[in-house]
Amino acid sequence: MRSKKKKIPLIRPYITDEVKARVCEVLDSGYLTEGLVTAAFEDAFRAYIGCKHAIAVTSCTTGLEMALRVLNIGPGDEVIVPDYTYPATADVVALVGAKIVLVDINPATMLIDYDAAEQAITKRTKAIIPVSLFGNPLDYDRLVEMKAHHGIYIVEDAACALGAEYHGKKVGNQADIAVFSLHPRKFITTGEGGMITTNHAEWAAWLNSFKHFGMGSHTNREGTVFERIGTNYKLSNILAAIGLVQMKHIDELLERRRTLSRRYRELLKGCKAITFPETTPGGSNSYQSACIFLENRDTIMYSLRAKGIEVQIGTYSLHLHPAFTPGEGCEIKGMLSGSLFAYEHCLVLPLYHEMTEEDQDAVIRELRGHFQEK
Ligand SMILES: Cc1ncc(COP(=O)(O)O)c(C=O)c1O
């Protein structure tokens, strides 16, 4: 039996003695801002994804904002965003002065409804920000077709999708620009942080310069030349050290998540009240979150929490929030029934590399207890 006091967290970051030692090395070195450790982290990320450029930034949100800026998206432009996502996906569109166009998701995959997105394209549409939500890769064949047909950019919000694959290729290669989050809900985490990936050299150079106050690659008599207006979205050596050690162990961390996710499915599959989201055909899910659908989600969520099992809703239906009230800066196209379904029924279960089968069994037992099934 699980001890009454033992809590089961939603996620637990991978912070080992090896991570702590590497962080201490950075602290001892005195080089705390972005530097060689950040560059090594970018290299490890790039090699893992198999893309040409990886640029470390302060968060996925700042990375997405930069992606829109490098593509010259701003006032007068429209950007299509799924309604079911974290607000950051849409916030960045408003931050650069463009119009947010919200469309529905497919409730089976919780990913953008490609037909709805295509129907929402107008002369003003510059880009689409599809989200590989919860580690589920997108249908990039469909997105690339849309890009070719309508001449729009694909900026992927890959906040949750590190390690996911589509037809054997890692997420981070398919979109024009993809941006990952390194927030602690993600299994590679630097506390706060993000990583932009692209195969486009000019964009990569601009992104690198922009996050470094607009610094150019050449120097003059005084040293640095500032070629453009920029900002400071750099990721410090201290944070990069955490990510760098975690990247060494990414395969084993990912394998553990996949094993535990499969086990949830196997042990819950007889329970008729529980259904599971579908993975995109041809895709390999990285299971950033272990999601299930439940009819009476809230009752079960509060009951599990009361028993010390940390569970969470999936994410948000943006149109329900005042920030995304339709108006000049935001438009809703079509029905949003898929988004509302996911918002009301998706529950995220605990999943982390150290999770024991015993802890997972406890979650399953509590869940099943609600349906009086064995
Ligand atoms: C889909 C999605 N996009 C963007 C973000 C924002 O990421 P960050 O906190 O790194 O800015 C999140 C955060 O959880 C997210 O889930």
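Residues numbered from 1 in each chain as written. Predicted model: local features only at pLDDT ≥ 70, side-chain atom pairs only at ≥ 80, totals over all residues. Heavy atoms only, no water.

Caption draft 1: Summary view of the overall build of the chain. On a plain count of helices and strands, the chain comes out with 12 helices and 21 strands. The C-alpha radius of gyration computed for the chain amounts to 21 Å, which stays within 12% of the reference 21 Å derived for 374 residues, consistent with globular compactness. For the chain, the distance from the average site of its 41 positive side-chain charges to the average site of its 45 negative ones is 5 Å. (Helix = DSSP H or I, 4+ residues; strand = E, 2+ residues; numbered from the N terminus. Rg over C-alpha atoms; globule rule 2.2 N^0.38 Å. Lys, Arg positive; Asp, Glu negative; His and termini not counted. Charge placed at Lys NZ, Arg CZ, Asp CG, Glu CD.)

Caption draft 2: Fine view of the packing of helix α3 (residues 60-70) against helix α4 (residues 88-95). At their nearest, the axes of α3 and α4 sit 9 Å apart, and the two run at 45 degrees to each other. Here α3 lies oblique to α4, going by the angle between them. In this structure, the crossing between α3 and α4 has a hand that is right-handed. Of α4, the residues touching α3 (which contributes Thr61, Leu64, Glu65, Leu68 and Arg69) are Ala88, Thr89, Val92, Val93 and Leu95. Each residue belonging to the contact of α3 with α4 can be placed in one class, and the counts come to 6 nonpolar, 2 polar and 2 charged. (Axes fitted to C-alpha atoms, helices over the stretch in contact; angles between N-to-C directions. Parallel < 35°, antiparallel > 145°, perpendicular 65-115°, else oblique. Left-handed = near helix turned anticlockwise from the far one by under 90°. Contact = heavy atoms within 4.5 Å. Nonpolar A, V, L, I, M, F, W, Y, C, P; charged D, E, K, R; others polar.)

Caption draft 3: Quick peek at the sheet that holds strand β21 (residues 346-349). With antiparallel pairing, 4 strands are arranged side by side in an open sheet as β15-β17-β21-β18. The sheet is open, and its two borders are formed by β15 (274-275) and β18 (312-313), each paired with just one other strand. Summarising the sheet, strand β17 (residues 290-294) and β21 pair through 4 bridges and their orientation is antiparallel. Counted as the bridge partner of Ala290 is Leu349 from β21. On the sheet, helix α11 (residues 337-345) packs against β17, β18 and β21 and is oriented at approximately 45 degrees with respect to β21. (Pairing = 2+ DSSP bridges.)

Caption draft 4: Structural context of the sheet that holds strand β16 (residues 283-284). A sheet is described by the order of its strands in space; here 3 strands give the open sequence β10-β9-β16, paired in antiparallel fashion. At either end of the open sheet lies a strand with only one pairing partner, and these are β10 (169-170) and β16. Direction of pairing for strand β9 (residues 165-166) relative to β16: antiparallel, over a ladder of 2 bridges. Each bridged residue has a counterpart across the sheet, and for Glu165 the counterpart in β16 is Ser284.

Caption draft 5: Up close: the packing of aromatic side chains. In total, this model carries 9 aromatic pairs according to the counting rule given. Measuring from ring centre to ring centre gives 6.5 Å for Tyr84 and Phe134, while their planes differ by 65 degrees; the resulting arrangement is edge-to-face. With Tyr84 in strand β3 (residues 84-85) and Phe134 in the loop between β7 (125-128) and α6 (140-150), the pair connects residues that are 50 residues apart, well separated along the chain. Each member of the pair, Tyr84 together with Phe134, is buried. Here Phe210 and Tyr233 contribute two aromatic rings whose centre-to-centre distance is 6.4 Å and whose plane-to-plane angle is 70 degrees, an arrangement assigned as edge-to-face. (Phe/Tyr/Trp six-rings, centres within 6.5 Å; stacked < 30°, edge-to-face > 60°. Buried < 20%, exposed > 50% of the residue type's maximum accessible area, 1.4 Å probe, protein only.)

Caption draft 6: Looking closely at the pairing of strand β14 (residues 223-226). Of the strand pairs in this sheet, strand β13 (residues 215-220) and β14 are connected by 3 bridges, and their pairing is antiparallel. By the bridge assignment, Met215 is partnered in β14 with Phe226. What sits between β13 and β14 in their antiparallel hairpin is a turn of 2 residues.

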